[in-house]
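Coordinates in review
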Amino acid sequence: MAQGNVAEARPVLEISNLGYGIGGRTLFDGLSLLLRAGESVAITGPSGSGKSTLLSCVLGLVKPDSGTVEVAGTPITGLRQAKLARLRARSIGMVFQFGELLPELSPLDNVYLAALLARNGRGNEARVRAQRLLEELGVPLAATSQELSGGERQRTAVARALINEPALLLADEPTGALDAESRDRTAELLFKVPRQYACGLLVVTHDPGIAARADRTLQLSAGNLESAARGDA
């Protein structure tokens, strides 16, 4: 998707006036964010500022005290667990810091399993789709994911997150456990994803070099998101 078309693309995440506190501390105080298909946003901020908690609110794992969260046009606050689980499976992809793959399964089976659990496509169709994604992302054939390098495991995690063609891709410190070379290769791939697969990408990171690759960099401070100067984290 061309840069000029992002402003006209469909919203995939809308957070409005989010409020949340825990332990007598306010994490979010009227926080708002709009993310569109084809766009990437990086969120930075000090440890404890609420970055991962914000992702948990988007996933519906944490219920905010006030405000709304909409994913692909569906308000998630108040959804019953079964509907919320279906929305997560079909509309949200998640990439964790350590990949969180099943080590005894092959890269193909790790990705294929995510499609089966979401009931997204027939078995062979989903398997072919999984193999195509792994090839596009440069993941080699392997009997188990334990045989892969750290960067290859993260690329497998990206493939798994994309298998159900989500509207929204979330990444929580996706390069934090990688060496410098793997970090840069994985980041380069990750930030190409929104335009290549027509989804929105929301990345939480401490790494200013990673944040600088996003279309927008926002800093979580005093319960709100503010535009961050490139290089700030």
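Note that the structure is predicted; figures quoted are calculated from it, not measured. (Residues numbered from 1 in each chain as written. Predicted model: local features only at pLDDT ≥ 70, side-chain atom pairs only at ≥ 80, totals over all residues. Heavy atoms only, no water.)

**Things to note about a nonpolar patch on the surface**
What counts, and what does not: Patch membership needs two things, relative accessible area over 30% and no salt bridge, and members are linked within 9 Å if like-charged or within 5 Å if nonpolar (Val, Leu, Ile, Met, Phe, Trp, Tyr). Residue-level accessible areas treat just the shown protein chains as cover; the underlying method is Shrake-Rupley with a 1.4 Å probe. Throughout this description, the term salt bridge denotes a Lys or Arg side-chain nitrogen within 4 Å of a carboxyl oxygen of Asp or Glu. In this text, helices come from DSSP runs of H or I with a minimum length of four residues, and strands from runs of E with a minimum of two, each type numbered from the N-terminal end. Throughout this description, buried means an accessible area under 20% of the type-specific maximum (1.4 Å probe, protein chains only), exposed means over 50%, and partly exposed covers the range between.
Together, Leu102, Leu113, Leu116 and Leu117 line one region of the surface with nonpolar side chains, adding up to about 340 Å² of accessible area. When you line up the elements, Leu117 lands in helix α3 (residues 107-117). The class for Leu117 is exposed, based on a relative accessible area of 66%.

**With respect to the packing of α3 against helix α5 (residues 150-162)**
The following threshold applies: Comment: axis = line fitted to C-alpha atoms, over the contacting stretch for helices; angle = value between 0 and 180 degrees taken between N-to-C directions. Throughout this description, any angle smaller than 35 degrees is read as roughly parallel, any larger than 145 degrees as roughly antiparallel, any in the 65 to 115 degree range as roughly perpendicular, and the remainder as oblique. Should the near helix be turned anticlockwise from the far one by less than a right angle, the crossing is left-handed, and should it be turned clockwise, the crossing is right-handed. Contacts were defined at the residue level, with two residues in contact if any of their heavy atoms lie within 4.5 Å. Amino acid classes used here: Ala, Val, Leu, Ile, Met, Phe, Trp, Tyr, Cys and Pro are nonpolar; Asp, Glu, Lys and Arg are charged; the rest, including Gly, are polar.
Two elements in contact, α3 and α5, have axes whose closest approach is 8 Å; the angle formed by their N-to-C orientations is 25°. When the interaxial angle is binned, α3 and α5 end up roughly parallel. Crossing handedness for the pair α3 and α5: right-handed. Only Thr156, Ala159 and Arg160 of α5 make contact with α3, whose side of the interface consists of Pro107, Asn110, Val111 and Ala114. Looking at the contact of α3 with α5, its residues break down into four nonpolar, two polar and one charged.

**Topic: the pattern of salt bridges**
A full pass over the atoms with the stated rule returns seven salt bridges. Here the salt bridges share partners, and the residues they tie into one network are Arg183, Asp184 and Asp207.

**Notes on the side chain of Thr144**
Mapped onto the elements of the fold, Thr144 is located in the loop between α4 (123-136) and α5. Among the residues examined, Thr144 registers a relative accessible area of 18% and is labelled buried.

**Here's the deal with the sheet that holds strand β2 (residues 25-36)**
Heads up, the condition is: Strand pairing requires that DSSP identify at least two bridges connecting the strands.
Pairing is antiparallel across the open sheet formed by four strands, whose spatial order is β2-β1-β4-β5. Both edges of this open sheet fall to β2 and β5 (74-75), since each of them pairs with a single strand only. Helix α1 (residues 51-59) contacts β1 (11-22), β2 and β4 (66-71) of the sheet and is inclined by roughly 120° relative to β1.

On their own, these measurements won't tell you what the molecule is for.
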